[in-house]
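# Descriptive structure summary
The chain contents come next:
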Amino acid sequence: MARGLVGTIGSAVTLAVTVFICARGVGSAGIPPFGPLLDPVQGAAAAVRYADLPRSEAQQITSLGANVRVLFDTRGVPHVYASNTRDAYRALGYAIARDRYFQMELTYRAASGTLTELVGARALSLDKEARRLGLGWAAERKWAALDTTSEGRRAMQAFADGVNAYRATMTPASTPIEYKLLGATPMAHWEPRYSVYLLMRMALTLAYNPDDLRRTRVAALVGRDAANALFPRNAPIQEPIQPVPGRTAPREEWVAIPAPGAPDTSLLAPASAASVLEHTALAMPGAEQTGDALGSNNWAIAPTRTASGGALLSGDPHLDLSLPSIWYEAHLVVKDSLDVYGVTFPGSPTIVIGFNKDVAWTFTNTGGDVADYFLEEVDNPTLPTKYRLDGAWQQLVPRIETFHNPAGRQVGVDTVYYTHRGPTTNENGRLLSFRWTAHDASNELDGFVAATRARNVQDWQQAMLPYKAPTQNMLVADRNGTIALRSLGEYPMRRNGEEGSYVRDGRTRASDWIGMLPVDDMPQVMNPAQGFIVSANQQPFDPRVVSRYIGSNWPDPWRALRINEILRADDKVTPERVRQMQMDPLNVRARMIAPYFVRAAERSGNASLGTAAKMLRDWDYRYSLPAQAPVLFEAAMKRAIANTWDELRATPGTPPIAVPASYVYLELLRDSTSIWWDDRRTAGTTETRDALLADALATAFDSLTVTLGPVGLPWEWGLTGGINVRHLANLPGFSREHLAVTSGYGTIAPASGANSTHGASWRMIVELTKNSRTAWAIYPGGQSGNPASRRYDDRLEKWRTGQLDSLVVPESEAAFAQSRLLSILELRP
Amino acid sequence: MFFLAAVILFVAAEFVIGWWTLPVIGLVLGLVGARRKGVSVQVGVAAVTAWLTLFGWTALQGELGIFMHSLAVSMKLAPVMLLAVIVALPVLMASAAARLGAGLRPESSAVTPS
């Protein structure tokens, strides 16, 4: 009897524990709720049943004006055939939500600082950072300022209708796998304003570049002259976006880098430099640390230089690569009104990069100086309530930020103080306020919506005028053969022609911006005599030609140099040649720097460097998969840079507070005896360039020999480099890692080195002739966000090897080839 | 017969309602089959049979094996561990519930052959 009772009680306990763990999981132990997760019908396995699109499906969106047919082609691209544009956006919202709902929520939450509501307190620091940067605050301001009758706002509303119509159909079985793993519930509604948050997220990615903070920190270590030279206003190699008539080669203008000087903390008076030096959370890594991968390329070729006699446009924005991709491909058709194809961000209601019947367009990041930090004087460093402005105290406006977990319990609270400039951050009692163009009221979507209907380049440029941030090099071509680029967006102007190079004095309004650069003064070009336009994030103006300040410390020009070099040598360019260019493995950075290593090795008299020097000497500077020299070169560069910039370490053993661009390194290489070559750790010895380079090469060679073995197969770039395309939530099973690519830091298709996570996020070529439009494109991933779907990563291998898909662009349902049809979605009011 | 009925009941309940019917059905089957020898084992095996039947049904509709392998990697589990959890979970819940159910009936000590 007693035994039976014990058994019964034991069973009850076992049952209770098992059911509890299955239902709730054990968050602290990383155990998810196994019950709903492993349920064979509604759990993770259900993803398999939703992997393929149904052959046909009918759904309802009550706000539709008329039926909409969505035909999915065999690449999973929805072709929306609607009778009005708003219905088209509704259908697009439905289609994107069906494929990417988790991504939409994650991106929105990252921008709004509400990730804790999805994943709990572990995201608190990320959320606090987003809110301290004022992302949500700015999105709310932008939304509130939108004209309720504007096309952009109506598009967001229509898009949200479609998203929410899909959300209403979501069942436990069809819920994305990520929610099941997190034990989370998908958010109940997609609000129209969430699309604005996504734009803020892109602004953060592309336009948050606090060069002033970086330069101020460097000046506090090595003085202002050195800081200005290490993070210069102008690149020493000029191949500007706005071409210089008659110039057929890059212009070089090298200067000597002044020796490190006395620390300059005058800019921070009356506060000390320490607060800014400690301001690591907002510090941006230098160019050599991030590599060259967060940028973009685009180029357009006029009919006079193409084989077909039409205009050719190429674009490949370089962004963080993820699964699912940052992009979603779609085609929207409204008879006699709209026929636009391209990619959009999941959450944005219209095509961002693409083409219509007459015009094609794409973007690269301009990287202008669109943000300034101001050191404020406050009444109470520990609990500030006022800041001084022109001698009078002004009230700081507190904004209480609260953070909640998925259950609605508060998990954190933060107070962000605002000055008239924007949000502030408090570092050891010193308040820095932040002024950023992306915080300003704007309506970028009005521009995008209108641009999709443009009939020619002029129309398109006119439509985009409302665009403010982030500043973009907007390249456009049309069927008439016009090619043009304008670096559009808000560029702040400062009093007396000042530049935003350093943290500014917040105590006076004289430090504030006085307006924005007029459109006519922005970098731009239309139908240049050279017959092509190239932008690859390089300095837009040659300062010898146009001296106005729009930014500094420009990204390296290596990609721009190579693209211009190829285009100058070819006056019968074909789409196939453009495709090859997008994957061109030659690295101009290596071509200009590697010979210094070779000469240093030869001069060293060190016979053991013979093999290493020969590898670099015999190299054609191509990052092809079997090449071995890139592995050695990159390893040697890494060591050389680390040993060279030891002066930029705040304390020995810590990473440099910033690393100059590689063109600055090349500038330094021209001065063999510069004091910057000296390694301060070796007291009594003064190193020279050649000694440092030879040592870096020898150390890199020896280290590689230890890790990879003797020079041979394991040294091949294709085996040691590689790009990682990780799942959005960094789930390893749903990520694709170590993809061998002909990319490196400086090649046209960039990567920041081995294990890079950035690269060409979308490659597109469009050929526009009088009578036709033909397009090819690809992105790394697939249309579906469901890891069980073939469409999750079906494009990845093609992307890796540089192939493009030929795009299907049927103007009507009748023109849609049955052989290309995968699925039909019928949406009814 | 009891076993087959249990499997069908589990399949139907899980299909329509979900995983949490495992303990509920297990409890009911324990109460009903309290006099059977080894009822908790029978119910546990029936539950896992139903569970695997439903996984088999899903596998017919796509590449379940590959996906579950990726899922295991994402959960930082060896795939065989995930499989073990998938098998253990219904057995544990259903058999514990059945034993509890059987224990709640005083006459459960009287055993009849199955």
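Interfaces are often described in size by the accessible area the parts lose on coming together. Residue-level contacts link 33 residues of chain A with 34 residues of chain B. Counting the surface chain A buries against chain B, the share from its top three residues, Leu38, Pro40 and Val48 of chain A, is 21%. Our count for the chain A to chain B interface comes out at zero salt bridges. Along the contact surface separating chain A from chain B lie four residue pairs in polar contact (both at pLDDT 80 or more). Elements represented by at least two residues in the side of chain A that touches chain B include exactly α1 (2-24), α2 (34-38), α3 (46-49) and α9 (177-182) of chain A. Of all the elements, α1 of chain A adds the most residues to the side of chain A that touches chain B, at 10 residues. Partitioning the side of chain A that touches chain B into residue classes produces 23 nonpolar, eight polar and two charged.

Take the sheet that holds strand β10 (residues 338-344) of chain A next. Residues and elements named next belong to chain A. What the 11 strands build is an open sheet, ordered β1-β33-β2-β3-β9-β10-β11-β12-β20-β21-β25; its pairing is mixed. Taken across any chain shown, the strands that pair with only one partner, and hence form the sheet edges, are β1 (56-60) and β25 (524-526). Strand-to-strand twist of the sheet, defined as the mean angle between neighbouring strand axes without regard to direction, takes the value 20 degrees. Relative to β10, strand β9 (residues 328-334) runs antiparallel, the two being bridged by seven bridges. Considered in β10, the bridge of Glu329 is made with Val343.

Turning our attention to helix α21 (residues 629-644) of chain A. Given 3.6 residues to a turn, an α-helix orients residues that are three or four positions apart in the same direction. Along its 16 residues, α21 of chain A runs 22 Å from first to last C-alpha, staying within 8% of the 22 Å computed at 1.5 Å per residue. Of all 16 residues that make up α21 of chain A, 13 are buried, and the element is covered over most of its length.

On to a nonpolar patch on the surface, then. All names here are of chain B. The grouping of Phe15, Val16, Ile17, Trp20, Val24, Val28, Val32 and Trp57 at the surface amounts to a nonpolar patch, some 740 Å² of accessible area in total. Listed by contribution, the elements that provide at least two residues to the nonpolar patch are α1 (2-16) and α2 (21-32). Broken down by element, the residue count for the nonpolar patch peaks at three residues, all from α2. Examined against the element boundaries, Val28 turns out to sit in helix α2. Relative accessible area serves as the criterion here: at 40%, Val28 is assigned to the partly exposed category.

Our focus in this paragraph is the sheet that holds strand β28 (residues 736-739) of chain A. All names here are of chain A. Ordered in space as β8-β27-β28, the three strands form an open sheet in which the pairing is mixed. With partners counted over all chains shown, the strands left at the sheet margins are β8 (322-323) and β28, one partner each. Bridge analysis of β8 against strand β27 (residues 723-727) gives two bridges, and the strand direction is parallel. Looking across to β27, one finds that Ser322 is bridged to Arg726.

Residues and elements named next belong to chain A. For the structure on display, the rule yields 31 aromatic pairs over all chains. With centroids separated by 6.2 Å and ring planes inclined at 80 degrees, the aromatic side chains of Tyr194 and Tyr197 adopt a geometry described as edge-to-face. Here the residue Tyr194 and the residue Tyr197 both occupy positions in helix α10 (residues 194-207), the gap between them amounting to three residues, near one helical turn. As far as the burial class goes, Tyr194 and Tyr197 line up, both buried. What links up through ring pairs into an aromatic cluster is the set Phe597, Trp619, Tyr621, Tyr623, Phe633 and Trp717. In this arrangement the basic side chain of Arg153 is found over the ring face of Trp143, its NZ or CZ atom lying 4.0 Å from the centre. Seen from the ring of Tyr596, Arg599 lies directly overhead, with NZ or CZ sitting 5.0 Å from the centre.

Rules used throughout
- Counting restarts for each chain, with residues numbered from 1 along the sequence as it is written.
- Chain labels run from A onward and ligand labels from 1 onward, assigned in the order the entries are written.
- Restriction of local features to residues with pLDDT of at least 70 applies here, the model being predicted, together with a cutoff of 80 or more for giving and counting side-chain atom pairs; totals for whole chains, interfaces and linings are based on all residues.
- Side-chain metrics in this entry use all non-hydrogen atoms of the structure; hydrogen atoms and water are not considered.
- Contact definition: two residues touch when any of their heavy atoms are within 4.5 Å.
- Using a 1.4 Å probe, buried area is obtained as the accessible area two parts lose upon being combined, added over both of them.
- The salt bridge definition used is simple: a Lys or Arg side-chain nitrogen within 4 Å of an Asp or Glu carboxyl oxygen.
- Between N or O atoms, a polar contact is any pair within 3.5 Å; within protein, one atom must be a potential hydrogen donor and the other a potential acceptor, and residues adjacent in sequence are included only when both atoms are from side chains.
- Labels follow the DSSP assignment, with helices taken as runs of H or I lasting at least four residues and strands as runs of E lasting at least two, numbered in each case from the N terminus.
- Classification convention: Asp, Glu, Lys, Arg as charged; Ala, Val, Leu, Ile, Met, Phe, Trp, Tyr, Cys, Pro as nonpolar; all other residues, Gly among them, as polar.
- Strands were regarded as paired on the criterion that DSSP finds at least two bridges between them.
- Lines fitted to the C-alpha atoms define the axes, with helices restricted to the stretch that makes contact. Angles between their N-to-C directions range from 0 to 180 degrees.
- One fewer than the residue count of a helix, multiplied by 1.5 Å, yields its expected span.
- Only protein chains enter the accessibility calculation, which uses a 1.4 Å probe; a residue whose area is less than 20% of its type maximum is buried, one above 50% is exposed, and one in between is partly exposed.
- To count toward a patch, a residue needs a relative accessible area above 30% and no salt bridge. Like charges then connect within 9 Å, nonpolar side chains (Val, Leu, Ile, Met, Phe, Trp, Tyr) within 5 Å.
- Each accessible area is a Shrake-Rupley estimate made with a 1.4 Å probe; only the visible protein chains count as cover when residues are assessed.
- Two rings belonging to Phe, Tyr or Trp (six-membered ring only in the last case) form a pair when the distance between their centres is within 6.5 Å. Interplanar angles under 30 degrees mark stacking, angles over 60 mark edge-to-face geometry, and anything in between is tilted.
- Sitting over a ring, as applied to charges here, requires NZ of Lys or CZ of Arg to be within 6 Å of the ring centre and within 35 degrees of the ring normal.

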